[in-house]
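As a plain string of letters, each chain reads:
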Amino acid sequence: QVQLVESGGGLVQAGGSLRLSCAASGRTFSSYTMSWFRRAPGKEREFVAGINKSGDRTEYTDSVKGRFTISRDNAKNTVYLQMNSLKSEDTAVYYCAADRTMLPIVRNTAAAYEYWGQGTQVTVSS
């Protein structure tokens, strides 16, 4: 089992940047594909970005490509989401999630992820 704790959210002006972190407990962090999802007010939870276990494969939803970067440090049991050029539509609660897939892939459906953090609020003011 793994526990996930997000941090780094906050209030930022449009065009600004934030870096989210997700710290995982346990010694098997490198066994998990890690992803970020978000839920905006009145909307469904959506996949944002993911990174496979070794860190050599990443996936992004189209709306964040070129602006967000996901990375991981397996030695620190941490996954990051660098968010640049933020827009008001990026406002949401951001969640990190862990998928113990045996495959070196990133799945973009929430049902694939066994473990979730509590979320961190990101608010972008226009």
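The shown structure was predicted, so the numbers you read here are calculated from the model rather than taken from an experiment. (Residues numbered from 1 in each chain as written. Predicted model: local features only at pLDDT ≥ 70, side-chain atom pairs only at ≥ 80, totals over all residues. Heavy atoms only, no water.)

Brief notes about the packing of aromatic side chains
We apply this condition: Only the six-membered ring of Trp is used, alongside the rings of Phe and Tyr, when aromatic pairs are assigned; centres must lie within 6.5 Å, and planes under 30 degrees apart are stacked while those over 60 apart are edge-to-face, with the rest tilted. Two conditions define a charge located above a ring, namely a distance within 6 Å from the ring centre to NZ of Lys or CZ of Arg, and an angle within 35 degrees of the ring normal.
Counted according to the given criterion, the structure contains five aromatic pairs. Pairwise contacts between aromatic rings join F37, F47, Y113 and W116 into one cluster. The side chain of R72 reaches across the aromatic face of F29, ending 4.5 Å from its centre.

Considering the nonpolar core
The following threshold applies: For the purposes of this section, nonpolar cores are sets of buried Ala, Val, Leu, Ile, Met, Phe, Trp, Tyr and Cys residues that join through side-chain atoms within 4.5 Å. Categorising residues by exposure relies on relative accessible area from a 1.4 Å probe, with only protein chains included: less than 20% of the type maximum marks a residue as buried, more than 50% marks it as exposed, and the intermediate range marks it as partly exposed. What makes two residues a contact is simply this: any of their non-hydrogen atoms within 4.5 Å.
Counting residues in hydrophobic clusters, the biggest one holds 29 residues, and the most contacted among them are M34, W36, L81, M83 and Y94. With near-sequence residues (within four places) excluded, M83 lies in contact with G16, S17, L18, L20, R67, F68, Y94 and V122. Formed by seven residues, the second largest nonpolar core is a distinct cluster that contains F37, V106, A110 and Y113.

A short note on the pairing of strand β7 (residues 68-73)
The condition that has to hold: Each helix is a run of DSSP H or I of at least 4 residues and each strand a run of E of at least 2, with the numbering of both proceeding from the N terminus. Paired strands, in this sense, are two strands between which DSSP finds at least two bridges.
Residues F68, I70 and R72 point to one face of β7 and are all buried, whereas T69, S71 and D73, pointing to the other face, are not buried. Looking at chain direction, β7 and strand β8 (residues 78-83) are connected through six bridges and run antiparallel. The residue of β8 that forms the bridge with T69 is Q82. Turn length for the β7-β8 hairpin, with the two strands adjacent in sequence and antiparallel, is four residues, and the turn residue N77 shows positive phi of about 55°.

Re unusual backbone geometry
The backbone of N77 sits at a positive phi, close to 55°, despite the residue not being glycine. Along the chain, the position of N77 falls in the loop between β7 and β8. For N77, a relative accessible area of 18% corresponds to the buried category. A positive phi angle is found at S85, which is not glycine, with a value near 50°. Along the chain, S85 turns up in the loop between β8 and β9 (92-99).

Details of the environment of A98
Mapped onto the elements of the fold, A98 is located in strand β9. For the pair A98 and Y113, spaced 15 residues apart in sequence, the C-alpha to C-alpha distance is 5.4 Å. A98 has contacts with V2, L4, Y32, T33, M34, Y113, E114 and Y115, leaving out every residue within four places of it along the chain.

So, the pattern of salt bridges
Put simply, the rule is: Salt bridge criterion: a side-chain nitrogen from Lys or Arg within 4 Å of a carboxyl oxygen from Asp or Glu.
Taken as a whole, this structure holds six salt bridges when the rule is applied. For K65, the salt bridge identified is with D62, shortest N-O distance 3.0 Å. Through salt bridges with shared partners, a single network forms among R38, E46, R67 and D90.

The quantities given are spatial measurements derived from coordinates; they are silent on function.
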